[in-house]
Amino acid sequence: MNSIIKDVNQIVKLNSIVRISTAAMLLGIGGVYADARTSDSYSWIPYTNYGYVGANVGRSDFKNGGCEATFSCDDTDVGYKIYTGGQISRVFGVELGYVNIGKFNRNGGDKKAQGADIHLVGNLPLGDKFNVYAKAGGIYGWTSTTANAPDVDTGHEREFNWSYGAGLQFELAQQWALRADWDQYRLKFADGRDNVALYSVGAIYKF
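Now for a description of the structure that goes with this document. None of these values were measured; they are calculated from a predicted model. (Residues numbered from 1 in each chain as written. Predicted model: local features only at pLDDT ≥ 70, side-chain atom pairs only at ≥ 80, totals over all residues. Heavy atoms only, no water.)

**Focus on the nonpolar core**
Burial of nonpolar side chains together is a common tendency in soluble globular proteins. As a reminder, the rule being used: To define a nonpolar core, start from buried Ala, Val, Leu, Ile, Met, Phe, Trp, Tyr and Cys residues and group those joined through side-chain atoms within 4.5 Å. Per-residue accessibility, obtained with a 1.4 Å probe over protein chains only, is compared with the maximum for each type, and a residue is labelled buried under 20%, exposed over 50%, and partly exposed between these values. Helix and strand definitions here come from DSSP, where helices need a minimum of 4 consecutive H or I residues and strands a minimum of 2 consecutive E residues; each element is numbered from the N-terminal end. When checking whether two residues touch, look at their non-hydrogen atoms; a contact exists if any pair is within 4.5 Å.
Of all hydrophobic cores here, the largest spans eleven residues; its members are Phe62, Val99, Ile101, Phe104, Ala113, Ile139, Tyr185, Leu187, Phe189, Val196 and Leu198. At the level of elements, strand S3 (92-106), strand S7 (176-189) and strand S8 (192-206) are the ones that each hand at least two residues to this core. Contacts of Phe189, omitting those with residues within four sequence positions, involve Phe62, Lys111, Lys112, Ala113, Thr143, Thr145, Glu157, Asp194 and Val196.

In structure tokens:
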């Protein structure tokens, strides 16, 4: 009888130790998780973490025709963008930005465009230093078209349309990284809708 009572007491003690150990482990995990969450860099975009800001500059490319035979036209200019983003998860993020694709000489005048965009970004980490990503979303663009050719429509246009892109990121340090981007924008001009590409490089600072 005493042996049975002793065994029961040992079981009770063991059960108590297991419960206490489990609770301590869960509290420890919770504490680590809470610390990780509070120590994570914040983001300017709601419901995201690991925020960053960045700026790129490069070449914008406009090769969709529309050049009258009697006028000289160019297809490229310097473009730039500034942006901020944050991560929903390790794979998916959101990015907001402003882009200016510059000015293209067309038909005795010029075409200019800029816009504000939003993208869903999908990330594919390649080791500790590289990250490949693709993005898709939309741009609210505003454009201006002037011309001396009599048959070319001119004026200002505003429209929300699609945009997408891809890029490669290289981690320099804990808070700094380099990026190389290719972006494609669908924009409405006075004489029709056209696609404009921006090939750019830049740097980001992570909060």
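**A look at the side chain of Asp194**
Looking at the secondary structure, you find Asp194 in strand S8. Asp194 gets classed as buried once you look at its relative accessible area, which sits at 11%. When residues no more than four places from it in sequence are discounted, the contact partners of Asp194 are Phe62, Asn64, Lys111, Tyr185, Arg186, Leu187 and Phe189.

**Brief notes about the environment of Thr143**
Residue position: Thr143 is located in strand S5 (residues 130-145). Its relative accessible area of 4% is what places Thr143 among the buried residues. Once the C-alpha coordinates of Thr143 and Glu157 are considered, the two residues, 14 residues apart in sequence, prove to be 5.3 Å apart. The residues touching Thr143, leaving out its near neighbours within four places in the chain, are Lys112, Ala113, Gly155, His156, Glu157, Leu187, Lys188 and Phe189.

**What to know about the pattern of salt bridges**
The condition that has to hold: Salt bridges are defined as contacts in which a side-chain nitrogen from Lys or Arg sits within 4 Å of a carboxyl oxygen from Asp or Glu.
Scanning the model with the defined rule gives 14 salt bridges in all. Between Lys135 and Glu95 there is a salt bridge, with its nearest N and O atoms 3.7 Å apart. Of this pair, Lys135 sits in strand S5 while Glu95 is found in strand S3, placing the two residues 40 residues apart along the sequence. Accessibility classification places Lys135 together with Glu95 in one group, the buried group. For Lys188, the salt bridge identified is with Glu157, shortest N-O distance 3.7 Å. Taken together, the residues Lys188 in strand S7 and Glu157 in strand S6 (residues 155-171) connect sequence positions 31 residues apart. Since its relative accessible area comes to 23%, Glu157 is described here as partly exposed.

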